[in-house]
Amino acid sequence: TGSSRPQRLLKAVQRNAAKGDPQSVISAIDYFCRHSEWAMNVGDEKGSILDSVVSEVSPTTALELGTYCGYSTVRIARLLPPGASLITLEFNPDYAAVARQVIAHSGLQDKIHLVEGPSGDSIPKLKERFGITSLDFVFLDHWKDRYVPDTKLLEECGLLRKGSVLLADNVICPGAPEYLDYVRNNPRYESRYFQSHLEYTNVEDGLEKSVFLG
Ligand SMILES: C[C@H](C[C@H]1O[C@@H](n2cnc3c(N)ncnc32)[C@H](O)[C@@H]1O)NC(=O)c1cc(-c2ccc(F)cc2)cc(O)c1O
Ligand SMILES: [Mg+2]
């Protein structure tokens, strides 16, 4: 059978990006998605907002929900301070296999732990598995109807502390209305919307940044 879109995206990275150069991996994926095949990476426009929030938080421990091909994984990891690490959760093994190779090409594999499996199973094991007490930054980019249950799970597992920052992709398109309602009407969160566009299109979308108040 033929190749998949993630496999074609990986080939584009291996052909066009310099090994060990995260920025060239990011640019190669954005070029592929603009000129060859659209893919559901956070993209360059929302990616710049992601970059500014990650740089501001400068997290020691970060979590990403929904790795896909590893585009935002590389975007986040390239900005981490020395000694910091990013845990990324992906339940589709084919996507995870592509992401591992994209991450390896970027040279950032030592800063990244990719865990295969559904987030609902992995989140409760993070503390014991990675010896962390809390998360400084969480990027939500998985099934949009999992944003609320997984945010509640992060709270229940004691993984959020006063000042932990949640950043959620796609709150407009495909949309996460229950999540917006949850974080915007909850006294334990201070929320702000960053308007942008769906990756590689002019359709409205945006990121919601929510600070946990403890
Ligand atoms: C959900 C996907 C992203 C990945 O998340 C993994 N995943 C899921 N649920 C779990 C879990 N519970 N645990 C771990 N991993 C998990 C999955 O396997 C995908 O690889 N993202 C999207 O569907 C997505 C879709 C669009 C989009 C927008 C307009 C359109 F016309 C069509 C599509 C844009 C985006 O920006 C997205 O992010
Ligand atoms: Mg997304």
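This section reports on the structure supplied with the text. None of the values given here were measured: they were computed from a predicted structure.

**Section: the coordination of the magnesium ion (ligand 2)**
So, point 1. Those donors, D141 (OD), D169 (OD) and N170 (OD1), are the protein atoms that reach the magnesium ion (ligand 2), and they lie 2.0 to 2.2 Å from it.
So, point 2. If you list the donors of the magnesium ion (ligand 2) from N- to C-terminus, the spacing comes out as D-x27-D-N.
So, point 3. On the basis of relative accessible area, N170 is assigned to the buried category, the value being 4%.

**Quick word on the environment of V53**
So, point 1. Mapping V53 onto the fold places it in helix α3 (residues 43–57).
So, point 2. Taking the C-alpha atoms as reference points, V53 and K209, 156 residues apart in sequence, are found 8.4 Å from one another.
So, point 3. Once residues lying within four places of it in the same chain are set aside, the contact partners of V53 are F137, V165, L167 and K209.

**A look at helix α8 (residues 147–156)**
So, point 1. The buried fraction of α8 is high, at seven of 10 residues.
So, point 2. Restricting attention to buried positions, one finds in α8 the residues Y147, V148, D150, T151, L153, L154 and E155.
So, point 3. Positive phi appears at G158, one or two residues downstream of α8, with a value of about 70°.

**Thoughts on the site of ligand 1**
So, point 1. As a matter of local geometry, ligand 1 sits amid 22 residues, with E90, S119, D141, N170 and E199 nearest to it.
So, point 2. For ligand 1, an oxygen atom lies 3.0 Å from a polar atom in the side chain of K144.
So, point 3. Between ligand 1 and D169 there is a distance of 3.2 Å, counted from an oxygen atom to a side-chain nitrogen or oxygen.
So, point 4. Compared with its free state, where it exposes 740 Å², ligand 1 has 84% of that area covered by protein.
So, point 5. Elements represented by at least two residues in the shell around ligand 1 include exactly β2 (85–90) and α9 (171–175).

Definitions and limits used
Throughout this document, residue positions are counted from 1 along each chain, in the order its sequence is written. Labels follow written order: the first chain is A, the first ligand is 1, and so on. Per-residue local features of the predicted model are confined to residues with pLDDT of at least 70, and side-chain atom pairs are confined, for both listing and counting, to 80 or more; whole-chain, interface and lining totals are unaffected and use all residues. Hydrogens and waters are ignored; side-chain quantities use all the structure's heavy atoms. The donor set comprises N, O and S atoms within 2.8 Å of the metal, extended to 3.2 Å for Na, K and Ca; water molecules are omitted, so apparent gaps in a site may simply reflect that omission. Exposure is judged per residue with a 1.4 Å probe applied to protein chains only, and the accessible area is read against the type maximum: over 50% gives exposed, under 20% gives buried, and values in between give partly exposed. Where helices and strands are cited, they refer to DSSP runs of H or I of at least four residues and of E of at least two residues respectively, numbered from the N terminus. The criterion used for residue contact is that any of the two residues' heavy atoms lie within 4.5 Å. Each residue is tested against the molecule or strand, and it is near if at least one of its non-hydrogen atoms lies within 4 Å. As used in this structure description, the phrase polar contact means that two N or O atoms lie within 3.5 Å; if the pair is within protein, one of them must be able to donate a hydrogen and the other to accept it, and residues adjacent in sequence are counted only when both atoms belong to side chains. Note on areas: Shrake-Rupley, 1.4 Å probe, and residue coverage restricted to the protein chains presented here.

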